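For reference, the chains in residue letters:
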Amino acid sequence: MILADTGFFIALGNNRDRDQKHHITRMVELMRRYANLPMDFADSSLVVLAEHLGHGRILTSDRRDFNIYRWNNTNPFENLLIA
């Protein structure tokens with residue numbers, strides 16, 4: 001379950017994370033894709049984290065946006081706050 005993106009920001013700063021450039025590139029790609037909402041840096045990091053972890057279980061009060069966002073472009077999030 002993803003509770004917050006703080007840990008992911010720390011992981012992004014980890015020099016041993018070989019996917020760091022890919023994660024940032026993916027976040028920018030997502031913010032462009034969902035610009036009409038708009039998607040911010042924090043939301044894009046949660047989508048990338050879901051892709052990295054391989055699941056979309058999330059706890060968020062942002063129902064509108066996370067009902068629209070898709071991880072791996074097709075998978076909906078499971079919001080545990082409203083489940």
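See the structure shown above.
Structure report, in brief. Residue numbers run consecutively from 1 along every chain, following the written order of its sequence. Residue-level local features of this predicted model are given only where pLDDT is at least 70; pairs of side-chain atoms are given and counted only at 80 or more, and the full residue set underlies all totals for whole chains, interfaces and linings. Computation of side-chain values covers all heavy atoms of the structure but excludes hydrogens and water.

Okay, the side chain of E51 next. Helix and strand definitions follow DSSP, with helices as H or I runs of at least four residues and strands as E runs of at least two, each counted in order from the N terminus. Tracing the backbone through its elements, the reader meets E51 in helix α3 (residues 41-53). Residue burial is assigned from relative accessible area. The probe radius is 1.4 Å, only protein chains are included, and a residue is buried under 20% of its type maximum, exposed over 50%, and partly exposed in between. Relative accessible area serves as the criterion here: at 17%, E51 is assigned to the buried category. Throughout, a contact is declared for two residues whenever any of their heavy atoms are within 4.5 Å. When neighbours within four sequence positions are excluded, E51 is seen to be in contact with R26, W71, N72 and N73.

Attention now moves to the environment of M31. Within the fold, M31 resides in helix α2 (residues 20-33). We classify M31 as partly exposed; its relative accessible area is 23%. Considered as a pair, M31 and S45 are 14 residues apart in the sequence and their alpha carbons are 9.8 Å apart. Other than its neighbours up to four places away in sequence, M31 contacts M39, D40, F41 and S44.

Here we take up α3. Look at α3: 18 Å from first C-alpha to last across 13 residues, which is about the 18 Å you get at 1.5 Å a residue. Of the positions making up α3, those classed as buried are D43, S44, S45, L46, V47, V48, L49, A50 and E51. Throughout this description, a polar contact denotes any pair of N or O atoms lying within 3.5 Å of each other; where both atoms belong to protein, one of them has to be capable of donating a hydrogen while the other can accept it, and for residues adjacent in sequence the pair is counted only when both atoms sit in side chains. With a side-chain oxygen positioned 3.3 Å from the backbone nitrogen of A42, the residue opening α3 is D40. G54 lies just past α3 and shows a positive phi near 85 degrees. Helix span, as expected, comes to 1.5 Å for every residue beyond the first.

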